[in-house]
Amino acid sequence: MGAAVPPRERRGYASRTGGSRDAYPYQVPPRSVALITLGCARNDVDSEELAGRLSDAGWTLVDDAGEADVAVVNTCGFIEQAKKDSIDTVLQAADLKETGRTQAVVAVGCLAERYGTQLAEELPEADAVLGFDSYSDLAGHLDGILRGERPASHVPRDRRSLLPLAPAERQRGRSTRPAAQPPAEAVADLPEGIAPASGPRVVRRRLDGRPWAPLKIASGCDRRCTFCAIPAFRGSFLSRPAEEVLAEAHWLGEQGVKELFLVSENTTSYGKDLGNVRALEALLPQVAAAPGVERVRVSYLQPAEVRPGLLEALTSTPGVVPYFDLSFQHSAPQVLRRMRRFGGTEPFLGLLEQVRARAPLAGVRSNVIVGFPGETEDDVAELCSFLEQARLDVVGVFGYSDEDGTEAEHLDGHLPEHEVAARVQHVGRLVEELVAQRAEERLGERLQVLVESLEEDGSALGRADHQGPEVDGTTRVRLPAGARAAVGDLLAAEVVGSEGVDLVADLLPAGAASVAGGGA
């Protein structure tokens, strides 16, 4: 694999783990497993589907890898830093075989799918490296590993070849997607708590107590961005049928989830393989109507695919927050063309104008790549000008680096690493200032804040409609004396200050009583 596998650097063991030890206060039963999840919200869903399969097969889910017979690391293989973090986490888990209960460590997820046998050769500490095709019988593979067997490592392949080229013909091959759900079936004979009252079976277990949850509506991508390897290891775009999505939305509402975060590699393409390019517009009000669900947000929108009807649905559907996760990547047209993307400064600003004409307080976030091969100083200046005009709430700034198997790897005009780093620093400083200014513009706004934790100072920490999970900042709601709140409450509050991208708000006088489950 050469340079594809980063050096082994030991880092902190900061990852999300699954299960709950509280259910087993005296001892951990046999055949226990800990799921350690790295990467994006799509990986979170994969882990919870794997947890459902393992639980159904008799495995006990625990949250501490040191108290599990097997630690399963759901890796990320998107960019260089994510690869390093994944390898370090596997090594950290492998150390537990010397100090804890752990007998085996298994690598799954995007890094395992992308590199397979090559990863296994360079990471012998892992007892198995399994790809997406192993997910349907992961329990059987883990059983075999505990018996001393070593399953064959995944052999990488271009997963785009597994589905027909024509989107309309792909539904027959749905089992090729990661952690694919079983076919729709009657639910009368399923154990209590596994499925909603009607609809397809939901194979999923919550791995945390958060009041929000990602809900995958599709997987894969048909775009051919020159810098991105995701389509090759995630496959072609494939929508989940609406009945599956709705069944899972109802199930998540029954589990106490207040916010659903619709995720995929390219959400704006939802339905094109179902014969309905407006399927997302029809799906949104149905998902928002799921009992217990208070709000819905949509992730990863391709600017070139935001149709007028979808824009209207995202800004006017009750329960759907006006939140726009727009994948701009750059704004200089010549850079975008070399990326095999569409748009530019003017059309992007025009799209933002349409968004704000319908929803003036809409949240907008994006990511940009600087230092792309052939990028000039004038291109960087145009990007900076766009960012100054766009007034985005959050911007992630990434420096370009080659990804194995991508077209950009072979483009001319590669910049020296020190120049890429300098441009990242330059644009990053500008973004830090701009998003802080955007946060200040929200002073005086009235927000609905979903409480995610309670702070020691008595305030409630959460997210407003314009703030997506984990990466878009938070809102701290100061509660007056005698007021109380609980995780999962929706609080009405008014913004009184900002701290960088984060906001400070005061609870409105009638807010706790009118919109929060906990009350005042």
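If you're wondering where the values come from, they're calculated on a predicted model, not measured in any experiment. (Residues numbered from 1 in each chain as written. Predicted model: local features only at pLDDT ≥ 70, side-chain atom pairs only at ≥ 80, totals over all residues. Heavy atoms only, no water.)

> Run through the pattern of salt bridges, naming residues and quoting values.
In the structure shown here, the tally under the stated rule is 47 salt bridges. In this structure, Glu259 and Arg297 form a salt bridge, with 2.8 Å as the shortest nitrogen-oxygen distance. In this pair, Glu259 is assigned in strand β10 (residues 259–263) and Arg297 in strand β11 (residues 295–298), connecting sequence segments 38 residues apart. Here the two residues Glu259 and Arg297 agree in accessibility, since each one is buried. A salt bridge links Arg446 to Glu494, with the shortest nitrogen-to-oxygen separation between them at 3.7 Å. (Salt bridge = Lys/Arg side-chain N within 4 Å of Asp/Glu carboxyl O. Helix = DSSP H or I, 4+ residues; strand = E, 2+ residues; numbered from the N terminus. Buried < 20%, exposed > 50% of the residue type's maximum accessible area, 1.4 Å probe, protein only.)

> Tell me about the sheet that holds strand β14 (residues 394–399), and please be specific about residues and values.
With respect to topology, three strands assemble into an open sheet ordered β12-β13-β14, the strand pairing being parallel. If you trace the sheet from one side to the other, it starts and ends with β12 (323–325) and β14, each paired once. Taking the axes of each pair of neighbouring strands and ignoring which way they run, one obtains an average angle of 10° across the sheet. Against the sheet, helix α12 (residues 417–441) engages β13 (363–370) and β14, with an angle of about 175° to β14. (Pairing = 2+ DSSP bridges. Axes fitted to C-alpha atoms, helices over the stretch in contact; angles between N-to-C directions. Contact = heavy atoms within 4.5 Å.)

> Tell me about the confidence of the model for the protein, and name the residues and values.
Mean pLDDT over the protein: 87, with 87% of residues reaching 70 or higher. Residue range residues 7–29 is modelled with pLDDT below 50. Its contacts to residues more than four positions away, or to other chains, number 62 contacts. Overall, residues 183–199 carries pLDDT values under 50, and its contacts beyond four positions in sequence, including any with other chains, amount to 30 contacts. (pLDDT = per-residue confidence, 0-100.)

> Which residues make up the pairing of strand β7 (residues 212–216), and what values do they have?
Along β7, five of the five residues are buried, which leaves the element largely enclosed by surrounding structure. Judged by which residues are buried, β7 turns out to be covered on both faces: Trp212, Pro214 and Lys216 on one side and Ala213 and Leu215 on the other are all buried. Bridge count for β7 against β10 is five bridges, and the pairing is parallel. Bridge pairing in β10 places Leu215 opposite Leu262.

> With reference to specific residues and values, describe the environment of Leu503.
Topologically, Leu503 is positioned in strand β19 (residues 502–507). A residue is classified by how much of its surface remains accessible, and Leu503, at 3% relative accessible area, is buried. The sequence separation of Leu503 and Gly473 amounts to 30 residues, and the corresponding C-alpha distance is 7.9 Å. Among residues more than four places away in sequence, those in contact with Leu503 are Ala439, Arg442, Leu447, His466, Gln467, Thr474, Thr475, Arg476, Val495, Gly497 and Ser498.

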